[in-house]
Amino acid sequence: MLWLALCLPSLPLEALLRGHAPHEREAWAVAEDRSVIACDARARALGVRTGMGLAAASAIAPQLCVRTRDEAIERAALEGIAAWAGRFTPFVSLEPPQGVVAEIEGSLRLFDGLAPLAHSLRTGLGELGFSATLAAAPTARGAWWLAAAGREALIETHAALEPALAPLPVAVACAEPGALALLRNVGVATVGALVRLPRAGLARRLGARLLDDLDRALGKRPEPRAYFAPPPRFAARLELPGEVTHAEGVLFAARRLLAQLEGLLAARQAGVRRFVLTLLHRNAPAIAVEVRLASPGRETARFVELLRERLAAVALVEPVEAIRLEASAFVSLHGHTAGLFGDARAEGEGWARLVERLQARLGGEAVHGLGLNAEHRPEHAWRMLAPGERLAPGAAQLGPRPLWLIQPPRRLRETSGVPHGEGPLELLAGPERIESGWWDGGDVARDYFIARAAGTALLWVYREPGGGWYLHGLFA
């Protein structure tokens, strides 16, 4: 087996601030118990350090923006990362509070090896707004210790595992303060020195659990792990560090959540036909922006393109303080192999994406197809179809009908029994008797003809039994 660990030391900060582009940030820090537990690069450039008292940090950097740690947001972010990582392997395990471990041996061929897979993971995490230390090892515990110690090593063999773990600080294996102090008092500062201690004495003084962890890290004892199950629906909230006054300004933050949604959908081999982005305000009702797709999809770029069209039409009355993205009703969506001589599915998908972009820009009701009803009256014989919807079995298949109906029908002049438009009309085909609608009070009795006008246009006209000619449609 081969495991890859992700350690996210800046999770307390990034879980709160990933809604802003890096160039938009001020110097930020996250505090807990009046101490700085995480800070960004701008804060570090001003002299702020992790572990520093909040008063001292504010003194050396008066412009420092400080947020209080929110463990609930961190936990939600960690679970979101685990669900997203399911696109690389189904065997993902949480390592709270700041880590994820995944078994990746079965995914190496798909990603052309360990190094490309690690690169894809790092790139994807960056798109989500997170940074991580990545390490790989033949054991989950060993990979986690490497990542937690900040060592980005990709160890693929058991023979190389123990030498790689030996120089790690003993704190990665033993975090209990009393035990850690005892080890340091006897000169044990590394994992390698810990391994060389007599096992019986170590177990007697520090407990058997430490020995079990050492054996699991070195592959001498199996380590059962509980795997994370991707949720059946997506719901994520992202707070914006600053107020956004125009709708398109939330697009950067929304992209983070849409990338996270794509990872979850890929893990479940699913797609969605719709998602909803909710803009949250302090003193105004939330605004729900619904995006519909013409065909199931899960690509971030496609989601962002449609969302940009929808946000362009949204006018804000209050600044946006947070956003929430929701998607449910997942549908199965597997990958496909392109054909050697063209790809009909890809061409059809191109049309579908054109339709959904038009709907996003013009509105869902402005773009639709036409279908037939089992009805002889022309004005009732058609209906609007959603893009991609098929005709129901049994729909009436009528004779020649014009594409354009004139509603209401236009009365024509009649001279010596011949209907006239701009001139006399030549009747080419007919009559076709339509007598229907008695059951709903809209009964008609008409004799329809195909006629040619003076300009060679083909018209659809009818005559009522009581007299009078009407133009009801245009063929060409």
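Residue positions are counted from 1 within each chain, in the order its sequence is given. Residue-level local features of this predicted model are given only where pLDDT is at least 70; pairs of side-chain atoms are given and counted only at 80 or more, and the full residue set underlies all totals for whole chains, interfaces and linings. Neither water nor hydrogens contribute to the side-chain values; these are computed over all heavy atoms in the structure.

Bringing the nonpolar core into the picture now. Throughout this description, the term nonpolar core refers to a set of buried Ala, Val, Leu, Ile, Met, Phe, Trp, Tyr and Cys residues connected via side-chain atoms within 4.5 Å. We call a residue buried when its accessible area falls under 20% of the maximum for its residue type, exposed when it is over 50%, and partly exposed in between, using a 1.4 Å probe and counting protein chains only. Within the largest apolar cluster, 67 residues are counted, with the highest numbers of intra-cluster contacts made by Leu-4, Val-250, Leu-277, Leu-307 and Ile-323. A run of H or I in DSSP counts as a helix once it spans at least four residues, and a run of E counts as a strand once it spans at least two, with each numbered from the N terminus. Per-element accounting of this core gives the leading share, nine residues, to helix α12 (residues 251–267). Note on contacts: a residue pair qualifies if any of its non-hydrogen atoms lie within 4.5 Å across the two residues. Discounting chain neighbours no more than four positions away, the residues touching Leu-277 are Val-250, Ala-254, Ile-287, Ala-288, Val-289, Leu-307, Leu-311, Ile-323, Arg-324 and Leu-325. Counting 33 residues, the second largest nonpolar core, distinct from the first, contains Ile-155, Ala-173, Leu-194 and Leu-214.

Only Phe, Tyr and Trp rings are paired, with Trp represented by its six-membered ring, and only when their centres lie within 6.5 Å; those with planes under 30 degrees apart are stacked, over 60 edge-to-face, the remainder tilted. Summed over the entire model, instances satisfying the criterion amount to eight aromatic pairs. Each ring, one from Phe-88 and one from Phe-111, has its centre 5.3 Å from the other, and the planes form 35°; the classification is tilted. On the criterion of sequence distance, the pair formed by Phe-88 in the loop between α4 (71–85) and β5 (92–95) and Phe-111 in the loop between β6 (99–103) and α5 (114–128) is long-range, its members being 23 residues apart. What makes Phe-111 buried here is its relative accessible area of 18%.

Below, the discussion takes up the environment of Leu-306. Looking at the secondary structure, you find Leu-306 in helix α13 (residues 300–311). Of the residues examined, Leu-306 reaches a relative accessible area of 0% and is grouped as buried.

Position of Thr-89 among the secondary structure elements: in the loop between α4 and β5. Thr-89 gets classed as buried once you look at its relative accessible area, which sits at 3%. There is a polar contact of 3.2 Å between the side chain of Thr-89 and the backbone nitrogen of Phe-91. Those residues in contact with Thr-89 that lie beyond four places of it in its chain are Ala-102, Glu-103, Ile-104 and Ser-107. Pairs of N or O atoms within 3.5 Å make up the polar contacts considered here, provided that, within protein, one atom can donate a hydrogen while the other can accept it, and that residues adjacent in sequence are counted only when both atoms are side-chain atoms.

Our focus in this paragraph is the side chain of Arg-225. With respect to the secondary-structure elements, Arg-225 resides in the loop between α11 (208–217) and β8 (234–244). A relative accessible area of 17% means that Arg-225 is categorised as buried. A polar contact is formed between the side chain of Arg-225 and the side chain of Glu-95, at a distance of 2.5 Å. Among the polar contacts made by the side chain of Arg-225, one reaches the side chain of Glu-223 at a distance of 2.8 Å. Those residues in contact with Arg-225, other than ones at most four positions away along the chain, are Trp-3, Ser-93, Leu-94, Glu-95, Val-101, Ala-140 and Arg-141.

Any Lys or Arg side-chain nitrogen located within 4 Å of an Asp or Glu carboxyl oxygen qualifies as a salt bridge. Scanning the model with the defined rule gives 23 salt bridges in all. In this structure, the salt-bridge partner of Arg-199 is Asp-215, at a minimum N-O distance of 3.0 Å. Of the two residues, Arg-199 is situated in helix α10 (residues 199–206) and Asp-215 in helix α11; the sequence distance between them amounts to 16 residues. By relative accessible area, which is 44% here, Arg-199 ends up partly exposed. Measuring nitrogen to oxygen at the nearest pair gives 3.7 Å for the salt bridge that ties Arg-324 to Glu-326. A residue is classified by how much of its surface remains accessible, and Glu-326, at 27% relative accessible area, is partly exposed. Beyond isolated ion pairs, a larger network of salt bridges with shared partners links Glu-95, Arg-141, Glu-223 and Arg-225.

Next up on the list: the pairing of strand β20 (residues 469–474). The element β20 is largely enclosed, with a buried count of five among its six residues. Two strands are said to pair when DSSP picks up at least two bridges between them. In this sheet, β20 lies alongside strand β19 (residues 458–463) in antiparallel orientation, the contact comprising five bridges. Bridging from a neighbouring strand, Tyr-462 pairs with Tyr-470 of β20. The loop that links β19 with its antiparallel partner β20 comprises five residues; one of these, Gly-467, has a positive phi angle of about 110°.

Adjacent strands of a sheet pair through backbone hydrogen bonds, lying either parallel or antiparallel. The six strands are arranged β16-β15-β20-β19-β18-β17 in an open sheet whose pairing can be described as antiparallel. The open sheet terminates on both sides in strands that have one partner only, identified here as β16 (418–420) and β17 (426–436). On average, each strand axis in the sheet is tilted by 35° relative to the strand beside it, whichever way the strands run. Judged from the six bridges that link them, strand β18 (residues 444–452) and β19 form a sheet pairing that is antiparallel. Bridging across to β19, Arg-452 finds its partner in Leu-458. The angle between two axes is taken between their N-to-C directions and runs from 0 to 180 degrees, where each axis is a line fitted to C-alpha atoms and a helix contributes only its stretch in contact.

If you check α4, its first and last C-alpha atoms are 21 Å apart, about what 15 residues at 1.5 Å a residue would give, namely 21 Å. Listing the buried residues of α4 in full gives Glu-74, Ala-77, Leu-78, Gly-80, Ile-81, Ala-82, Ala-83, Trp-84 and Ala-85. Considering only its buried residues, α4 is in contact with α1 (11–17), β5, β6, α5 and α12. Here the expected span of a helix is defined as 1.5 Å times the quantity of residues minus one.

This part takes up the state of the cysteines. A pair of sulfur atoms, both from cysteines and within 2.5 Å, is called a disulfide here. Following the criterion strictly, the structure yields zero disulfides and no others. Looking at Cys-7, it has no disulfide partner, and the nearest cysteine sulfur is the one in Cys-39, 16 Å off. Overall, Cys-7 belongs to the buried group, its relative accessible area being 9%. Between Cys-174, a cysteine without a disulfide, and Cys-7, which holds the nearest cysteine sulfur, the sulfur-to-sulfur distance is 18 Å. Since its relative accessible area comes to 7%, Cys-174 is described here as buried.

Looking now at the sheet that holds strand β3 (residues 35–39). Reading across from one edge, β3-β2-β4 is the order of the three strands in this open sheet, with mixed pairing throughout. Two strands lie at the open edges of the sheet, namely β3 and β4 (65–68), each paired on one side alone. Strand-to-strand twist in this sheet, taken as the mean axis angle between neighbours without regard to direction, amounts to 40°. For strand β2 (residues 28–32) and β3, the ladder comprises four bridges, and the chain directions are antiparallel. Paired with Glu-32 across the bridge in β3 is Ser-35.

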